[in-house]
Amino acid sequence: MLPIVDTFPTPIRLLLHTLSFLIGLYLLERGADKFIDSTAILAKRLHIPQIAIALLTAGAEWEELFVVLLAVLQGHPNLGLGNILGSCVANILGSFS
């Protein structure tokens, strides 16, 4: 990863790698929160419906986006929300496997 880190003893390297990972997770979470907050503010200023923003920020793949859109159009927003949450959980678990 970093050439200077490779010169340290193994326990210190492990600690530095772990800290780097945790700092990265923290920054990722903060960045995602800031992105969502900014998107909500922009949507409110542009008078865009919240459901449209939810669909755009879901980060879903095309087929998941299609399922969410159909669920909302058919009057089942809870199904769409469940799909988004399930996708997020699956992506998180998949990234750690």
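It should be emphasised that the depicted structure is a prediction, and the values quoted were computed from it without experimental measurement. (Residues numbered from 1 in each chain as written. Predicted model: local features only at pLDDT ≥ 70, side-chain atom pairs only at ≥ 80, totals over all residues. Heavy atoms only, no water.)

K.L.:
Would you take a moment to explain the overall build of the chain for this structure?
P.N.:
Each helix and strand counted, the chain has four helices and zero strands in total. Of all 97 residues assigned to the chain, the portion counted as buried reaches 12%. A total accessible area of about 7,900 Å² is found for the chain, and carbon and sulfur atoms account for 72% of it. (Helix = DSSP H or I, 4+ residues; strand = E, 2+ residues; numbered from the N terminus. Buried < 20%, exposed > 50% of the residue type's maximum accessible area, 1.4 Å probe, protein only. Areas by Shrake-Rupley, 256 points an atom, 1.4 Å probe, with all protein chains shown as cover.)

K.L.:
I tried to follow helix H1 (residues 10-46) on my own but got confused; where do I start?
P.N.:
In an α-helix, one turn spans 3.6 residues, which is why side chains three or four residues apart end up on the same side. Its 37 residues give H1 an end-to-end C-alpha distance of 53 Å, which sits within 8% of 54 Å, the value for a rise of 1.5 Å per residue. Histidine 47 sits one or two positions beyond H1 and adopts a positive phi of about 60°. (Expected span 1.5 Å × (residues − 1).)

K.L.:
Explanation requested: the confidence of the model for the chain in the structure shown.
P.N.:
Detail in the predicted coordinates should be disregarded across regions flagged by low pLDDT. The predicted model of the chain has a mean per-residue pLDDT of 78, with 82% of residues at 70 or higher. Within the chain, helix H2 (residues 50-57) has the poorest average pLDDT of any element, 68, and H1 the best, 84. (pLDDT = per-residue confidence, 0-100.)

K.L.:
Please clarify how unusual backbone geometry should be interpreted in this entry.
P.N.:
Excluding glycine, a negative phi dihedral is what most residues carry, and trans is how most peptide bonds are arranged. In this structure, histidine 47 is a non-glycine residue whose phi angle is positive, near 60°. Along the chain, histidine 47 falls in the loop between H1 and H2. Since its relative accessible area comes to 73%, histidine 47 is described here as exposed.

K.L.:
Hey, could you run me through a nonpolar patch on the surface in this one?
P.N.:
On the surface, Leu15, Leu19, Ile23, Tyr26 and Leu27 cluster together into a nonpolar patch covering about 520 Å² of accessible area. Following the sequence through the fold, leucine 19 ends up in helix H1. Judged by relative accessible area, leucine 19 falls into the partly exposed class, the value being 40%. (Patch = residues over 30% accessible without salt bridge, like charges linked within 9 Å, V, L, I, M, F, W, Y side chains within 5 Å. Salt bridge = Lys/Arg side-chain N within 4 Å of Asp/Glu carboxyl O.)

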